[in-house]
Amino acid sequence: GMQSHLQALLSLYKVFCPEQVTITLPGKVKAFFKNPEGPWKAAITAVRQRNQGASPLSQAVFLGTSQPQSRKRKWNAQLVIPASSRNTNNLEEDRQKSHVYLYSTNKSFPVEQLQTFPQLLQNIHRLEFPSQMGSVLTNPLLLHYMNCVKDESIYLRLYYWMGQMLQEECTWCMVDNPREEEFKSFLETVYKSECFLQEGFPACEEFLYKTLPLWDGFCCRSQILRLVSWIPLSSSSDIKSYLYDPLAQLFFTSSIYFKCSVLESLKELLQNWLNCNMIQVDSELSS
């Protein structure tokens, strides 16, 4: 049967190879592979730094000169994840090949060497997509690629990766989370990617619907209200229960500034709906 630890393992597989896991998994799976000592270690480290000063290692992490080690640190304050399609040895071999070899038609083009838009145009049908989906959000060329090549596996990988990150790193759903600034930066990056693609991410929509009832209206306020403006159009009953009702509870008990921020976000949401609807109507008329 579907035991909880097997569901957690399958959900982990689904992040990397969603096309291989065909069964339906529950939306919220207990994090079996999370280190339970993380909050304690973070608290101990904070006490040591406060009493003894910042260590050279922590300074290196702050300056961006150290290499991330754990899964939690695979995205830094700017969420700069390097695009990697293969291992380093194969990449070095490719760099030693000739220019003609790189542009041959029977070889995939490594994403590490994608630097310009003309390169994207010439190699768009043989581009090897990065192994780390987080690198897509900070790479305009890869976002262009997502728009041009409607590969469902790409969207599935991004959907499961982003959903996992949002669920595990949500600041107000965790006790004493010390990475609020990193989470804000992550949400900002997601929002900029949505603006670039002119559409919201399904994983982001699910995250908002699940966490808005628990949101205090203060933590990551600007980022959350920006993400709200890209929720796709759905049934009025869903919008009311999952979006309007949680915001209304905060709206009537918050300051004037918060009320204006919510109204501005809903105005942008309406504009995005109208723009998407006009694009669909134009495409239907042209067809």
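Placed above this text is the structure.
Just so it is clear, the structure is predicted and the values come from calculations on it, not from any experiment.

Enquirer: Help me understand the environment of Gly200, please; the structure alone is not making it clear to me.
Expert: Residue position: Gly200 is located in the loop between helix H9 (180-197) and helix H10 (202-211). The spatial distance from the C-alpha of Gly200 to the C-alpha of Asn272 is 9.8 Å, given a sequence separation of 72 residues. Residues in contact with Gly200, not counting those within four places in the same chain, are Glu194 and Trp230.

Enquirer: How should I be thinking about the pattern of salt bridges in this particular structure?
Expert: Once their charged atoms are close, side chains differing in charge can pair, the charge on each being opposite to the other. Overall, the coordinates contain five salt bridges when judged by the stated rule. In this structure, Lys240 and Asp245 form a salt bridge, with 3.3 Å as the shortest nitrogen-oxygen distance. Overall, the relative accessible area of 47% leaves Lys240 in the partly exposed class. Classification of Asp245 by relative accessible area gives partly exposed; the value is 30%. The partner of Glu264 in a salt bridge is Lys267, and the shortest N-O contact between them spans 3.5 Å. Residue Glu264 and its partner Lys267 are both found in helix H13 (residues 256-286); the two are separated by three residues, about one turn of the helix. Among the residues examined, Glu264 registers a relative accessible area of 37% and is labelled partly exposed. Classification of Lys267 by relative accessible area gives partly exposed; the value is 41%. Through salt bridges that share partners, Glu180, Glu181 and Lys184 make up one connected network.

Enquirer: What's the story with the packing of aromatic side chains in this structure? I'm lost.
Expert: Each aromatic ring pair is summarised here by two numbers: the centre-to-centre distance and the angle between the ring planes. Evaluation of the coordinates by the stated rule reveals six aromatic pairs. Between the aromatic rings of Phe183 and Phe207, the centroid separation amounts to 6.3 Å while the plane-to-plane angle is 75°, which identifies the pairing as edge-to-face. Within this pair, whereas Phe183 is found in helix H9, its partner Phe207 is found in helix H10, the two being separated by 24 residues in sequence. By relative accessible area, which is 1% here, Phe183 ends up buried. Seen from their ring centres, Phe251 and Phe252 are 5.5 Å apart, and the 85° between their planes marks the pair as edge-to-face. Above the ring of Phe251, the side-chain terminus of Lys259 is found at 5.5 Å from the ring centroid.

What counts and what doesn't
- Residues numbered from 1 in each chain as written.
- Predicted model: local features only at pLDDT ≥ 70, side-chain atom pairs only at ≥ 80, totals over all residues.
- Heavy atoms only, no water.
- Helix = DSSP H or I, 4+ residues; strand = E, 2+ residues; numbered from the N terminus.
- Contact = heavy atoms within 4.5 Å.
- Salt bridge = Lys/Arg side-chain N within 4 Å of Asp/Glu carboxyl O.
- Buried < 20%, exposed > 50% of the residue type's maximum accessible area, 1.4 Å probe, protein only.
- Phe/Tyr/Trp six-rings, centres within 6.5 Å; stacked < 30°, edge-to-face > 60°.
- Lys NZ or Arg CZ within 6 Å of the ring centre and 35° of its normal.

Honestly, that's just the spatial picture; any functional story needs more than this.
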